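What follows is each chain in one-letter form.
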Amino acid sequence: MTMAQILPLTGDPTLAEAATAFLNRRDLDAGTLRSYRRTLTRLRTGLGDGVLLTDLTVEKTAVVFTAAWGNAAPRTWNRHRSARWSMTDLAALVERRRENTDATKVIDRHLIEALWQRRDLPLREKALFGLLYESAARSAAILGLDVGNLVLDPAG
């Protein structure tokens, strides 16, 4: 399917016209439309409804993307980038970011239970192991906790 079939616009369509035509499509599910609506709303706000699609440039689009999602996770950036909705392919205007795939494996529950059964480990360490396992927190998040504020005495 070509872009002309997806967006039956004639002449020099504006960003607003193209966005409206795209969001009125019936071949996209609700979640996809919701995501595209966010992207297009941000672009329309940043670039203006009256900008012609033929005037969209890498630089103009990148400024809006960086302002909106510059600090976002690569997955979020790429999701917005993938919104192919106009005769000018938006994805071609914005560089794709590398997504880090997490290869971390979950520790087997039996290993954690074996740690909790050990009598040579203090309760404090067992509690830490439990916190780490049950929260699935990253080590950086756990190491960033302010343990000085921990109340160790349950009565205190």
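Our structure's up above, just so we're on the same page.
To keep things clear, this report deals only with the structure shown in the data block. (Residues numbered from 1 in each chain as written. Predicted model: local features only at pLDDT ≥ 70, side-chain atom pairs only at ≥ 80, totals over all residues. Heavy atoms only, no water.)

**Quick word on the overall build of the protein**
Point 1. If you tally the helices and strands in the protein, you get nine helices and zero strands.
Point 2. Looking at the protein as a whole, 26% of its 156 residues are labelled buried.
Point 3. Long-range contacts, defined here as pairs at least 24 residues apart, represent 55% of the contacts in the protein between residues at least 6 apart.
Point 4. For the protein, the accessible area works out to roughly 10,900 Å², and carbon and sulfur atoms hold 54% of it. (Helix = DSSP H or I, 4+ residues; strand = E, 2+ residues; numbered from the N terminus. Buried < 20%, exposed > 50% of the residue type's maximum accessible area, 1.4 Å probe, protein only. Contact = heavy atoms within 4.5 Å. Areas by Shrake-Rupley, 256 points an atom, 1.4 Å probe, with all protein chains shown as cover.)

**Some details on helix H2 (residues 15-23)**
Every α-helical turn comprises 3.6 residues, leaving residues that sit three or four positions apart pointing alike.
Point 1. Within the span of H2, buried status applies to Leu-15, Ala-16, Ala-18, Ala-19, Phe-22 and Leu-23. Axial view of H2: buried residues confined to an arc of 165°, hence all on one face. (Arc of directions from axis to C-beta.)

**Some thoughts on the environment of Arg-38**
Point 1. Within the secondary structure, Arg-38 is located in helix H3 (residues 30-47).
Point 2. Using a relative accessible area of 44% as the deciding quantity, one classes Arg-38 as partly exposed.
Point 3. Taking the C-alpha atoms as reference points, Arg-38 and His-80, separated by 42 residues in sequence, lie 8.2 Å from one another.
Point 4. If we skip the residues at most four places from it in the chain, Arg-38 touches Trp-69, Arg-79 and His-80.

**Section: a positive patch on the surface**
Point 1. Together, Arg-34, Arg-38, Arg-75 and Arg-79 make up a positively charged patch on the protein surface.
Point 2. At the level of elements, H3 and helix H5 (74-81) are the ones that each hand at least two residues to the positive patch. (Patch = residues over 30% accessible without salt bridge, like charges linked within 9 Å, V, L, I, M, F, W, Y side chains within 5 Å. Salt bridge = Lys/Arg side-chain N within 4 Å of Asp/Glu carboxyl O. Lys, Arg positive; Asp, Glu negative; His and termini not counted. Charge placed at Lys NZ, Arg CZ, Asp CG, Glu CD.)

**Structural notes on a nonpolar patch on the surface**
Point 1. Together, Leu-128, Leu-131, Leu-145 and Val-147 make up an exposed nonpolar region whose accessible area comes to about 340 Å².
Point 2. Checked against the element boundaries, Leu-131 lands in helix H8 (residues 123-135).
Point 3. On the basis of relative accessibility, which here comes to 39%, the residue Leu-131 falls in the partly exposed class.

**Quick look at the packing of aromatic side chains**
Point 1. One pass over the structure, following the stated rule, counts one aromatic pair.
Point 2. Ring geometry for Phe-65 and Trp-69: centres 4.9 Å apart, planes at 65°, overall edge-to-face. Highlighted residues: Phe-65 and Trp-69, both in helix H4 (residues 58-69), separated by four residues, approximately one helical turn. Grouping residues by exposure puts Phe-65 and Trp-69 together as buried.
Point 3. For the cation-ring pair, Arg-42 lies above Trp-69, with the distance from its terminal atom to the ring centre recorded as 5.6 Å. (Phe/Tyr/Trp six-rings, centres within 6.5 Å; stacked < 30°, edge-to-face > 60°. Lys NZ or Arg CZ within 6 Å of the ring centre and 35° of its normal.)

By themselves these figures say nothing about function.
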